[in-house]
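Survey of secondary and tertiary structure
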Amino acid sequence: VQLQASGGGLVQAGGSLRLSCAASGRTFSSGRTFSSYWMYWVRQAPGKGREFVAAISWSGGSGSTYYADSVKGRFTISRDNAKNSVYLQMNSLKPEDTAVYYCAASLGPYIATTTAYDYWGQGTQVTVSS
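As the structure is a computational prediction, the values presented were derived from the model and not from experiment.

The secondary structure content of the protein amounts to zero helices and 11 strands. Each helix and strand of the protein, ordered N terminal to C terminal, gives the series β-β-β-β-β-β-β-β-β-β-β. Taken over C-alpha atoms, the radius of gyration comes to 14 Å for the protein, in line with the 14 Å a tight globule of 130 residues would show. Considered along the principal axes of its C-alpha atoms, the protein spans approximately 45 × 30 × 25 Å. The buried share among the 130 residues of the protein stands at 42%. When contacts within the protein are restricted to residue pairs at least 6 apart in sequence, long-range pairs at least 24 apart make up 56% of them. Carbon and sulfur atoms provide 48% of the accessible area of the protein, an area that totals close to 6300 Å².

A sheet is described by the order of its strands in space; here four strands give the open sequence β1-β3-β8-β7, paired in antiparallel fashion. This sheet does not close on itself; its edge strands, each paired only once, are β1 (2–6) and β7 (75–80). Neighbour-to-neighbour, the strand axes of the sheet open up by a mean angle of 15°, direction not taken into account.

Attention now moves to the pattern of salt bridges. Counted under the stated rule, the structure contains four salt bridges. A salt bridge links arginine 43 to glutamate 51; the shortest N-O distance between them is 2.8 Å. On the basis of relative accessible area, arginine 43 is assigned to the buried category, the value being 6%. Residue glutamate 51 is classed as partly exposed on the basis of its relative accessible area of 32%. Residues arginine 74 and aspartate 97 are paired through a salt bridge, measuring 2.7 Å at the closest nitrogen-oxygen approach. Placement of arginine 74 in the loop between β6 (65–67) and β7 and of aspartate 97 in the loop between β8 (85–90) and β9 (99–106) is noted, with a sequence separation of 23 residues between them.

What follows concerns the packing of aromatic side chains. Scanning the entire structure with this criterion turns up 14 aromatic pairs. Aromatic side chains tryptophan 38 and tyrosine 66 sit 5.9 Å apart centroid to centroid with 35° between the ring planes, which places their arrangement in the tilted category. Linking tryptophan 38 in strand β4 (residues 38–44) with tyrosine 66 in strand β6, this pair joins segments that are 28 residues apart in sequence. Owing to a relative accessible area of 33%, tyrosine 66 belongs among the partly exposed residues under this scheme. When the ring of tyrosine 40 is compared with that of tyrosine 117, the centres are 3.9 Å apart and the planes differ by 25°; the resulting orientation is stacked. A residue pair is termed long-range when its members are at least 10 positions apart, and tyrosine 40 in strand β4 and tyrosine 117 in the loop between β9 and β10 (119–120) qualify at 77 residues. Pairwise contacts between aromatic rings join Trp38, Tyr40, Phe52, Trp58, Tyr66, Tyr102, Tyr110, Tyr117 and Trp120 into one cluster. Here the basic side chain of arginine 18 rests over the ring of tyrosine 87, its NZ or CZ set 4.1 Å away from the ring centre.

The rules behind these values
Residues numbered from 1 in each chain as written. Predicted model: local features only at pLDDT ≥ 70, side-chain atom pairs only at ≥ 80, totals over all residues. Heavy atoms only, no water. Helix = DSSP H or I, 4+ residues; strand = E, 2+ residues; numbered from the N terminus. Rg over C-alpha atoms; globule rule 2.2 N^0.38 Å. Buried < 20%, exposed > 50% of the residue type's maximum accessible area, 1.4 Å probe, protein only. Contact = heavy atoms within 4.5 Å. Areas by Shrake-Rupley, 256 points an atom, 1.4 Å probe, with all protein chains shown as cover. Pairing = 2+ DSSP bridges. Axes fitted to C-alpha atoms, helices over the stretch in contact; angles between N-to-C directions. Salt bridge = Lys/Arg side-chain N within 4 Å of Asp/Glu carboxyl O. Phe/Tyr/Trp six-rings, centres within 6.5 Å; stacked < 30°, edge-to-face > 60°. Lys NZ or Arg CZ within 6 Å of the ring centre and 35° of its normal.

The values reported here are purely geometric and, on their own, carry no functional implication.
Shown next, in the form of structure tokens:
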């Protein structure tokens, strides 16, 4: 499986974007399917390290999502296991949200330490102008 992120772009502050991450292929190199993995969004701003943004469990049901404090109430993570996809709806964007956004996968349990994630997609650039 390869993870392919898309949906980034340039938006004015206060605007919205929806990022998508599609997993191609049937299984990861572990032999496990997409629905076996927690999915994460991580971002990296210029000159900074990677930062956890959001996470969603295998089923994506209520109570199984986590967010960084900086995006809570503005971003929403969701997934569609039938489409092997995870999404990040970003509303009320701020200039400080400018970063390259990555999707990542990891077996549970939930962990916000980005170095622990097993699989990564390529990033998609989000730029928020003031």
